[in-house]
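Okay, here's what each chain looks like letter by letter:
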Amino acid sequence: GTSCASPTAAAVFSLVNDMRLQAGKSPLGFLNPFIYANPKAFNDITTGSSDGCGLFGRGWPAAPGWDAVTGVGTPNYMKLAAAALQLA
């Protein structure tokens, strides 16, 4: 769940920022523009669903692209690193 995924994603982006700093570049800063501009740097989750705490019928299904249960997916470090290094 979120209790594990959030710190894991934060750690991945911390490594990406460290790589940028080692390359003489600034850290990424506010991540939303970078994330939505680079959806291919994430592993798209297309199956499964969340039950919505039993409040929303069938919950939220995973689907191709952005969805309410998985967002853009799970971070792929190698693809994120490559995308981040291409930025100024």
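First, a word on what this report is: a plain description of the structure on this page. Predicted model, so just to flag it, every value in this text is computed and none were measured. (Residues numbered from 1 in each chain as written. Predicted model: local features only at pLDDT ≥ 70, side-chain atom pairs only at ≥ 80, totals over all residues. Heavy atoms only, no water.)

### Some details on the overall build of the chain
In terms of regular secondary structure, the chain is built from 3 helices and 4 strands. Along the chain, helices and strands appear, N-terminal first, in the series α-α-β-β-β-β-α. For the C-alpha atoms alone, the extent of the chain along its principal axes is close to 50 × 25 × 20 Å. For the chain, the exposed area adds up to about 5800 Å²; of that, 62% sits on carbon and sulfur atoms. (Helix = DSSP H or I, 4+ residues; strand = E, 2+ residues; numbered from the N terminus. Areas by Shrake-Rupley, 256 points an atom, 1.4 Å probe, with all protein chains shown as cover.)

### Examining the nonpolar core
Counting 14 residues, the largest nonpolar core has Phe13, Val16, Leu28, Phe34, Phe42, Leu80 and Ala84 as the members making the most contacts within it. Only α1 (2–22), α2 (32–37) and α3 (77–86) provide two or more residues apiece to this core. With near-sequence residues (within four places) excluded, Leu80 lies in contact with Val12, Phe13, Val16, Phe34, Ala41, Phe42 and Pro75. (Core = buried A, V, L, I, M, F, W, Y, C linked by side-chain atoms within 4.5 Å. Buried < 20%, exposed > 50% of the residue type's maximum accessible area, 1.4 Å probe, protein only. Contact = heavy atoms within 4.5 Å.)

### Some thoughts on a nonpolar patch on the surface
Together, Leu15, Tyr77 and Met78 make up an exposed nonpolar region whose accessible area comes to about 320 Å². Here Met78 lies in helix α3. According to the relative accessible area criterion, Met78 is exposed, its value standing at 63%. (Patch = residues over 30% accessible without salt bridge, like charges linked within 9 Å, V, L, I, M, F, W, Y side chains within 5 Å. Salt bridge = Lys/Arg side-chain N within 4 Å of Asp/Glu carboxyl O.)

### Observations concerning α1
An ideal rise of 1.5 Å per residue puts 30 Å on 21 residues; α1 measures up with 30 Å between its terminal C-alpha atoms. Among all positions of α1, only Val12, Phe13, Val16, Asn17, Met19 and Arg20 are buried. For α1, the buried positions fall inside an angular range of 155° around the axis, keeping them on one side. Looking at α1, the residues exposed on the side facing more than 90 degrees away from the buried face are Ser3, Cys4 and Gln22. Buried positions along α1 lie against α2, β1 (42–43), β4 (74–75) and α3. Immediately downstream of α1, the backbone of Gly24 shows phi near 80°, a positive value. (Expected span 1.5 Å × (residues − 1). Arc of directions from axis to C-beta.)

### Looking at the packing of α1 against α3
Contact pair α1 / α3: the axes reach a minimum separation of 10 Å and the direction vectors enclose 40°. The angle between the axes of α1 and α3 places the two elements in the oblique class. Classified by chirality, the crossing of α3 by α1 is right-handed. When α1 is examined against α3, the residues Val12, Phe13, Leu15, Val16, Met19 and Arg20 are found in contact with a partner set consisting of Tyr77, Leu80, Ala81, Ala84 and Leu85. Taken together, the residues of the contact of α1 with α3 break down into 10 nonpolar, no polar and 1 charged. (Axes fitted to C-alpha atoms, helices over the stretch in contact; angles between N-to-C directions. Parallel < 35°, antiparallel > 145°, perpendicular 65-115°, else oblique. Left-handed = near helix turned anticlockwise from the far one by under 90°. Nonpolar A, V, L, I, M, F, W, Y, C, P; charged D, E, K, R; others polar.)

### As for the environment of Ala88
Tracing the chain through its elements places Ala88 in the segment after α3. With 68 residues separating them along the chain, Ala88 and Arg20 place their C-alpha atoms 9.7 Å apart. Apart from residues lying up to four places away in sequence, Ala88 is in contact with Arg20 and Lys25.

Any link to function would need more than the numbers given here.
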